[in-house]
Amino acid sequence: MKRWVLGMLVAFAACEAPVFAQVDEGQSGAWYMLFWNASFDDSRWGVQGDFQNRNWDAGGDLEQWLLRSGVTYRPKDSNALYTFGYANIRSGVFGPSDASSREDRIYQEALISQRWGEKWRIRHRLRFEQRWVDGQDFRTRFRYALFADYPLTSRKMSVGGVYASIYNELFINGERDIDEGRKVDTYDRNRTYLALGYVAGERTKVQGGYMYQHSNGVEKGQWQLSLHQNF
């Protein structure tokens, strides 16, 4: 299992596609994010979501504003969490223009958790998206993410502890024809992320790190600051 996990990380990080720069790839962007989830008392059902403000620069040049939420279900005696949700995304144009476009998205996902050795916490996320993007035909996309957390100051993710967090995510387009002869590649993008986190409370974590994104049009780094809150 350990060799398989390492192999997946290496394989996804190595994905390549032609790049045609449309933005300043040398300028790091910044993403500010809130992730939240809540479980209903004495129930296997819950809700989760995230709010993200993504910028082409440190702040002010909007790349995307993303609102996403969903209903979750965890089967009995299972390490899997299933979600059915909706997302609304507003995407901005690089530079001084205030032009933007809208996307509505429905998604289904499975999040499978496991332990690896004494410290590693591994999660596999499979997500299927149905997308309605301004000026495009209906589209779908498949995503697979591999997350790993490792406590640095204790054996477990305890309050007051510091931990390392990494992930890699691969995006694959479903439909290639998007509108009037325009096409996209099957490969959409790949994201690789490394961060340090702090367990601020029993239900609260804070992370700061760097994500490198390789898409079929742009290669760009993003600084990320995120708050993770359980209710």
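Reading the values: rules and limits
Residues numbered from 1 in each chain as written. Predicted model: local features only at pLDDT ≥ 70, side-chain atom pairs only at ≥ 80, totals over all residues. Heavy atoms only, no water. Helix = DSSP H or I, 4+ residues; strand = E, 2+ residues; numbered from the N terminus. Polar contact = N/O pair within 3.5 Å; in protein donor to acceptor, adjacent residues only side chain to side chain. Pairing = 2+ DSSP bridges. Buried < 20%, exposed > 50% of the residue type's maximum accessible area, 1.4 Å probe, protein only. Contact = heavy atoms within 4.5 Å. Core = buried A, V, L, I, M, F, W, Y, C linked by side-chain atoms within 4.5 Å. Axes fitted to C-alpha atoms, helices over the stretch in contact; angles between N-to-C directions. Patch = residues over 30% accessible without salt bridge, like charges linked within 9 Å, V, L, I, M, F, W, Y side chains within 5 Å. Areas by Shrake-Rupley, 256 points an atom, 1.4 Å probe, with all protein chains shown as cover. Salt bridge = Lys/Arg side-chain N within 4 Å of Asp/Glu carboxyl O. pLDDT = per-residue confidence, 0-100.

*Asks:* Lay out the side chain of H124 in plain terms, naming residues and giving numbers.
*Replies:* Residue placement: H124 occurs in strand β6 (residues 120–133). Only 2.5 Å separates the side chain of H124 from the side chain of Q114, close enough to count as a polar contact.

*Asks:* Outline unusual backbone geometry, supporting the account with residue identities and numerical values.
*Replies:* Backbone geometry places D42, a non-glycine residue, at a positive phi of 50°. Tracing the backbone shows D42 in the loop between β1 (29–39) and β2 (45–55). With a phi close to 45°, E180 is a non-glycine residue in the positive phi region. Structurally, the position occupied by E180 is in the loop between β9 (177–179) and β10 (182–183).

*Asks:* Account for the pairing of strand β5 (residues 100–116), with residues named and values stated.
*Replies:* Relative to β5, strand β4 (residues 80–92) runs antiparallel, the two sharing 13 bridges. Directly across from T83, in β5, lies its bridge partner E109. Remark: three residues form the turn of the hairpin made by β5 and β6, two consecutive strands paired antiparallel; G117 in that turn has positive phi of roughly 70°.

*Asks:* Before we move on, can you summarise the side chain of D149 with the specific residues and values?
*Replies:* Tracing the sequence through the fold places D149 in strand β7 (residues 139–151). Judged by its relative accessible area of 1%, D149 falls in the buried class. A distance of 2.6 Å separates the side chain of D149 from the side chain of R123, its partner in a polar contact. Contacts of D149, omitting those with residues within four sequence positions, involve K119, W120, R121, R123, M157, Y163, A164 and S165.

*Asks:* So what about the nonpolar core? Which residues, and what values?
*Replies:* Core analysis: the biggest nonpolar cluster contains eight residues, these being W31, M33, A145, F147, Y167, Y193, A195 and M211. Elements represented by at least two residues in this core include exactly β1, β7 and β11 (187–201). With near-sequence residues (within four places) excluded, Y193 lies in contact with S165, I166, Y167, Q207, G209, Y210, M211 and Q224. Listed in part, the five residues of the second largest apolar core include W116, I122, Y144 and A148.

*Asks:* Tell me about the sheet that holds β4, and please be specific about residues and values.
*Replies:* To summarise the sheet geometry, strands pair through backbone hydrogen bonds and adopt either a parallel or an antiparallel arrangement. Spatial strand order, β1-β2-β3-β4-β5-β6-β7-β8-β11-β12-β13: eleven strands in a closed barrel with mixed pairing. For this sheet, the mean inter-axis angle between neighbouring strands, taken without regard to orientation, is 20°. For β1 and β2, the ladder comprises ten bridges, and the chain directions are antiparallel. When the sheet's bridge partners are listed, S39 is paired in β2 with G46.

*Asks:* How would you sum up a nonpolar patch on the surface? Please name residues and give values.
*Replies:* On the surface, a cluster of nonpolar side chains totalling about 420 Å² of accessible area is made up of Y32, Y198, V206, L225 and L227. Looking at the element boundaries, L227 is found in strand β13 (residues 219–230).

*Asks:* Explain the pattern of salt bridges residue by residue, including any values.
*Replies:* Applying the stated criterion to the full structure yields 17 salt bridges. We note a salt bridge from R121 to D149, for which the minimum N-O separation is 3.9 Å. Of this pair, R121 sits in strand β6 while D149 sits in strand β7; the two residues are 28 residues apart in sequence, bridging distant segments of the chain. Residues joined by salt bridges that share partners form a network here, namely E103, R105, R125, E129, R131, R141, R143, E169, D188 and R189.

*Asks:* Break down the confidence of the model for the chain for me, with residues and values.
*Replies:* For the chain, per-residue confidence averages 90 on the pLDDT scale, and 90% of positions sit at 70 or higher. The low-confidence segment residues 1–21 (pLDDT under 50) makes 36 contacts with residues lying over four places distant or belonging to another chain.

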